[in-house]
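Summary of structural features
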Amino acid sequence: MEKTSAENVTNYIKQAIVSHGLDMPYARAQSNDGARAMRGRVAGAATRILSEYPKATFSYCAGHGLNLVVQDTVSSDMNLMEIQEVVRRASNFVKYSRRRKAAFETFAKECENERSVSLRPLCATRWVLRAPAVSALVQMYGPFLDWLAEVVADNTYGTDVRTQARRLIKILQKFRTLYGLKPLERFFNSIHHVHVAVQRPDASVQSVRQMIEELALTLVANNDAEKAKVRCYCCLCNSADSR
């Protein structure tokens, strides 16, 4: 599709449906991400289709809506944003150099009692798909730290590379970094499976609503649990400082 005007999008959708042997008059619903050409109230693609086929009621894409909610939630918490930045820096340090990427993969495979996985980049647009990147760093936390120490000690790496490695080690050795990664991992993982499920072909409005409501309850329970852990951690720190 060369042009993405509402008219062209509308024609493309209708032609695609007909090409699959389906009849537009039987359309009972339509969903999209709410882009201007799609959702425009006056002449958007959804409005045009609805004017021709009144039973094709519109609703926003549940997966896209969930992604926006996750993005807004994480963006409003500075601690979560900082932890995501750690994941991004760790992944970039490995993947932006063929030598470092090969070296880390070899090092990780040689680690005993560890299931070797590659560090993965954060998905730039789909925040609900960031769970694998966070989980990979959590799983390879120890081996990655050990490998960074080898990079620092290896004089064949440039000064800039070894400096970056030192900075990453300093960040990763902080308790707050690992402590922050774990709840972020649980947060993204709990959302990831819901994001996949709401986009299944057999998903209904009722099932999507039920999944979202259950997800909300899960996140509230997890949030209460994390707050309790924070209080416990603060008490331990205060007790240690007083001795």
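Now for a description of the structure that goes with this document. Predicted, not measured: the structure shown is a model, and the values here were computed from it.

**Focus on the packing of aromatic side chains**
One pass over the full model with this rule turns up six aromatic pairs. Relative to W147, the ring of F93 has its centre 5.9 Å away and its plane inclined at 65°; by these criteria the two rings are edge-to-face. Within this pair, whereas F93 is found in helix α5 (residues 78-95), its partner W147 is found in helix α8 (residues 141-153), the two being separated by 54 residues in sequence. When its relative accessible area of 3% is taken as the criterion, F93 is described as buried. Judged by relative accessible area, W147 falls into the buried class, the value being 2%. Arranged with centres 6.0 Å apart and planes meeting at 25°, the rings of F144 and W147 form a pair that is stacked. Taken together, the positions of F144 and W147, both in helix α8 and three residues apart, correspond to about one turn of that helix. The class for F144 is buried, based on a relative accessible area of 0%. For R99, the ring lying beneath its charged end belongs to Y157, and the centroid distance is 3.8 Å. The positively charged end of R130 is found above the aromatic ring belonging to W127, 3.9 Å away from the centroid.

**Quick word on the environment of I17**
On the secondary structure map, I17 appears in helix α1 (residues 6-19). Given the relative accessible area of 25%, I17 is considered partly exposed. If we skip the residues at most four places from it in the chain, I17 touches L22 and M24.

**Here we look at α1**
Relative to the 20 Å expected for 14 residues at 1.5 Å per residue, α1 spans 20 Å between its end C-alpha atoms, a close match to the ideal helical length. Within the span of α1, buried status applies to A6, V9, T10 and K14. Burial along α1 is one-sided: seen end-on, the buried residues are contained in an arc of 130°. Opposite the buried face of α1, by more than 90 degrees, sit the exposed residues Q15 and S19. Where the residues of α1 are buried, they touch α2 (36-39) and α3 (45-52). Directly after α1, the chain includes G21, whose backbone phi takes a positive value near 80°.

**Some words on the environment of F93**
Along the backbone, F93 and L168 are 75 residues apart, and their C-alpha atoms lie at a distance of 9.2 Å. If we ignore the near neighbours within four places in the chain, the residues touching F93 are R100, W147, L148, V151, V161, Q164, A165 and L168.

**A closer look at the pattern of salt bridges**
According to the stated counting rule, one finds seven salt bridges in the structure shown. With a shortest N-O distance of 2.4 Å, E85 and R88 are connected by a salt bridge. Taken together, the residues span about one helical turn, with E85 and R88 both in helix α5 at a distance of three residues. Since its relative accessible area comes to 36%, R88 is described here as partly exposed.

**Looking at the packing of α5 against α8**
Their axes nearest at 13 Å, the elements α5 and α8 cross at an angle of 50°. Put simply, α5 runs oblique to α8. The two elements α5 and α8 cross, and the hand of that crossing is left-handed. Every residue of α8 that contacts α5 at A90, F93 and V94 is listed here: F144, W147, L148 and V151. A per-class count over the contact of α5 with α8 returns seven nonpolar, no polar and no charged.

**Focus: the packing of α5 against helix α7 (residues 131-139)**
With their axes 10 Å apart at the nearest point, α5 and α7 run at an angle of 75° to one another. Between α5 and α7, the interaxial angle falls into the category roughly perpendicular. Residues V86, V87 and A90 of α5 lie in contact with α7, whose contacting residues are A133, V134 and L137.

Reading guide: rules and limits
Residues numbered from 1 in each chain as written. Predicted model: local features only at pLDDT ≥ 70, side-chain atom pairs only at ≥ 80, totals over all residues. Heavy atoms only, no water. Phe/Tyr/Trp six-rings, centres within 6.5 Å; stacked < 30°, edge-to-face > 60°. Helix = DSSP H or I, 4+ residues; strand = E, 2+ residues; numbered from the N terminus. Buried < 20%, exposed > 50% of the residue type's maximum accessible area, 1.4 Å probe, protein only. Lys NZ or Arg CZ within 6 Å of the ring centre and 35° of its normal. Contact = heavy atoms within 4.5 Å. Expected span 1.5 Å × (residues − 1). Arc of directions from axis to C-beta. Salt bridge = Lys/Arg side-chain N within 4 Å of Asp/Glu carboxyl O. Axes fitted to C-alpha atoms, helices over the stretch in contact; angles between N-to-C directions. Parallel < 35°, antiparallel > 145°, perpendicular 65-115°, else oblique. Left-handed = near helix turned anticlockwise from the far one by under 90°. Nonpolar A, V, L, I, M, F, W, Y, C, P; charged D, E, K, R; others polar.

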